[in-house]
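Chain by chain, the residues run as shown.
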Amino acid sequence: MKGELTGGCLCGQVRYRLTNEFRMLPYACHCTDCQSRTGSAFSEHMLVGTGDVHLEGETDCGWYVQPSRAKSQIVGCAQCKTRIYAINDERPGMASLRCGTLDRSAEVEPHAHIWVRSKQPWIVLPPDALVMAEQPRTNEEWMALVWPK
Ligand SMILES: [Zn+2]
Ligand SMILES: [Zn+2]
């Protein structure tokens, strides 16, 4: 997923353009928090620079204090409540984009799967998938996992 990308919410009220300055590889998170938050089996994220998300339309914001005590804010469409990205006060300058909102989301293939310890049992990952039982704990570990090489 290189170059400029576009996406938006379900109802079309929010549209965004993602320029390409700082972008990590997409990953899937199978933690139980993501399952509750998305109402689904896992979430697909891609860390990007907050300044690269150029968004139009009315958004609103939800927040959640994670077990790590980081406050996560989720920005989404004010009308249909599609979540577009999350920011986290321990990760300044970075936004975690919800990859399913991309126009070309079918081209997003997770580079890694984290929290496979709580993966739903019916999901079968490719045999060569890069997996972690939990998640990286430091910036260095995150970089090693999802920094494009
Ligand atoms: Zn919407
Ligand atoms: Zn998660």
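Preceding this section is the structure that the text describes.
Everything quoted here is computed from the prediction, not taken from an experiment.

Caption draft 1: How the structure looks around the coordination of the zinc ion (ligand 1). Coordination of the zinc ion (ligand 1) by the protein comes from C9 (SG), C11 (SG), C77 (SG) and C80 (SG), over a distance range of 2.3 to 2.4 Å. Seen from the zinc ion (ligand 1), its four donor atoms lie at angles of 108 to 112 degrees, and the figure they make is tetrahedral. Donor residues binding the zinc ion (ligand 1) come from one chain and are separated in sequence as C-x1-C-x65-C-x2-C. According to the relative accessible area criterion, C11 is partly exposed, its value standing at 36%.

Caption draft 2: Layout of the state of the cysteines. As enumerated under the stated definition, the model contains zero disulfides in all. The structure places no disulfide on C99, whose sulfur is separated from the nearest cysteine sulfur, that of C34, by 12 Å. In this structure C99 comes out as buried when scored by relative accessible area, which is 0%.

Caption draft 3: The arrangement of the layout of surface pockets in detail. Reported here for the largest pocket is a volume of approximately 880 Å³. Looking at the largest pocket, it is lined by 35 residues, and the ones nearest its centre are Q66, N88, R91, Q135 and W142. Elements with a contribution of two residues or more to the lining of the largest pocket: β3 (27–29), α1 (32–38), β4 (43–49), β8 (83–88), β9 (94–98) and α2 (139–146). Per element, the largest residue contribution to the lining of the largest pocket is four residues, and it comes from α1. Along the lines of polarity and charge, the residues of the lining of the largest pocket split into 17 nonpolar, eleven polar and seven charged. In this structure, the second largest pocket spans a volume of roughly 310 Å³. Lining the second largest pocket are 15 residues, with T38, S43, R83, R98 and G100 sitting closest to its centre. Those elements giving two or more residues to the lining of the second largest pocket turn out to be α1 and β4.

Caption draft 4: Local environment of the pattern of salt bridges. A complete count under the given rule lists six salt bridges for this structure. Put simply, E4 and R17 hold a salt bridge, and the shortest N to O gap is 3.3 Å. Of this pair, E4 sits in the segment before β1 (5–8) while R17 is found in strand β2 (residues 15–18), placing the two residues 13 residues apart along the sequence. By relative accessible area, E4 is classed as partly exposed at 46%. Between K81 and D60 there is a salt bridge, with its nearest N and O atoms 2.5 Å apart. On the criterion of sequence distance, the pair formed by K81 in the loop between β7 (71–77) and β8 and D60 in strand β6 (residues 59–65) is long-range, its members being 21 residues apart. One salt-bridge network, held together by shared partners, links R117, E134 and R137.

What counts and how
Residues numbered from 1 in each chain as written. Chains lettered and ligands numbered in written order. Predicted model: local features only at pLDDT ≥ 70, side-chain atom pairs only at ≥ 80, totals over all residues. Heavy atoms only, no water. Donors = N, O, S within 2.8 Å, 3.2 Å for Na, K, Ca; no water. Tetrahedral: all angles 85-135°; square planar, octahedral: opposite > 155°, others 65-115°. Buried < 20%, exposed > 50% of the residue type's maximum accessible area, 1.4 Å probe, protein only. Disulfide = S-S within 2.5 Å. 1 Å grid on protein atoms, 1.4 Å probe; cavity = no way out; pocket = protein on both sides within 12 Å on 5 of 7 lines; lining within 4 Å. Points joined across faces, edges and corners; volume = space filled by probe spheres on them. Helix = DSSP H or I, 4+ residues; strand = E, 2+ residues; numbered from the N terminus. Nonpolar A, V, L, I, M, F, W, Y, C, P; charged D, E, K, R; others polar. Salt bridge = Lys/Arg side-chain N within 4 Å of Asp/Glu carboxyl O.

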